[in-house]
Amino acid sequence: MKGTTAMIWWIILGVLAALILILLFVPIRLDINYIKDEMTNEVTVSVRYMWLKLQLYPKKKWKKSAVQEDNSKAEKLNKKLYFDEHKNRIDGYMRVFREIKADTVKILRYLAEHAMVFELIDVNIDFGFENAMHTGIFTGVLNGFVYSVLSVIHNCSRLKKMEIMIQPEFYKVCFTSKLRCILRLKNVHIIIIVFNVLKILKKIRKTEGRK
């Protein structure tokens, strides 16, 4: 009788272990969206695991009052988008990218071999400074940054679909960016991935501290 009970428990434990192993290798899909324009600056992150979908960020949503929203819109609409401000920002991103490029290539190659697929990268940027020379210069700076980053991703990882639209507007002031990235990730490798991402973030903070 004891032998039969022990056998049943071993079978149950074996089934549970098999289920855990299967779940470890079921991929997670991470959907990251970023929208920025004169009215909005929003990041949303959601994760899908099998039939479950969870919004990771933002956790809570709130609605502004009509007066607050109108004041906020008026303030943003009256704020001029300066060429130097945006150019310096992209130059700063480029400096950070050069600093972390080697670490990024390393982790992307590991992910490509073991853990992750980029199902979609969608970049849509529309900008203008009401000055043809400034807009032309910024077009070159922005293209250089975007395609430098995407070439590393393309060459060092598995990328299924990429859509890029960079549209300069020469006769109006505007800046709108919409970015979306969908990742398929094997959660068995999450610990290694998190460790390497934290290492890169530490280097980014160090680079920003030297400005």
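### Topic: the environment of Cys 181
Residue position: Cys 181 is located in strand E6 (residues 173-186). Distance from Cys 181 to Ile 32, taken between C-alpha atoms, is 5.2 Å for residues 149 residues apart in sequence. In this structure Cys 181 touches Leu 30, Asp 31, Ile 32, Phe 118, Leu 120 and Ile 121, once residues within four positions along its chain are discounted.

### Quick look at the packing of aromatic side chains
Inspection of every chain in the model, using the stated rule, returns six aromatic pairs. Centre to centre, the rings of Phe 127 and Phe 138 are 5.1 Å apart; their planes meet at 70°, and the pair counts as edge-to-face. Taken together, the positions of Phe 127 in strand E4 (residues 116-129) and Phe 138 in helix H4 (residues 132-156) put the pair 11 residues apart, joining distant regions of the chain. Using a relative accessible area of 0% as the deciding quantity, one classes Phe 138 as buried.

### Quick word on the confidence of the model for the protein
Scored by pLDDT, the protein has a mean of 76; 70% of the residues are at 70 or more. When mean pLDDT is compared element by element in the protein, strand E5 (residues 162-168) scores highest at 93, while helix H2 (residues 66-78) scores lowest at 46. Long-range and interchain partners of residues 61-69, a stretch whose pLDDT sits below 50, account for three contacts in this model, where long-range means more than four residues apart. The model gives residues 72-80 a pLDDT under 50, and that stretch makes six contacts with residues more than four places away or in other chains.

The rules we used
- Residues numbered from 1 in each chain as written.
- Predicted model: local features only at pLDDT ≥ 70, side-chain atom pairs only at ≥ 80, totals over all residues.
- Heavy atoms only, no water.
- Helix = DSSP H or I, 4+ residues; strand = E, 2+ residues; numbered from the N terminus.
- Contact = heavy atoms within 4.5 Å.
- Phe/Tyr/Trp six-rings, centres within 6.5 Å; stacked < 30°, edge-to-face > 60°.
- Buried < 20%, exposed > 50% of the residue type's maximum accessible area, 1.4 Å probe, protein only.
- pLDDT = per-residue confidence, 0-100.

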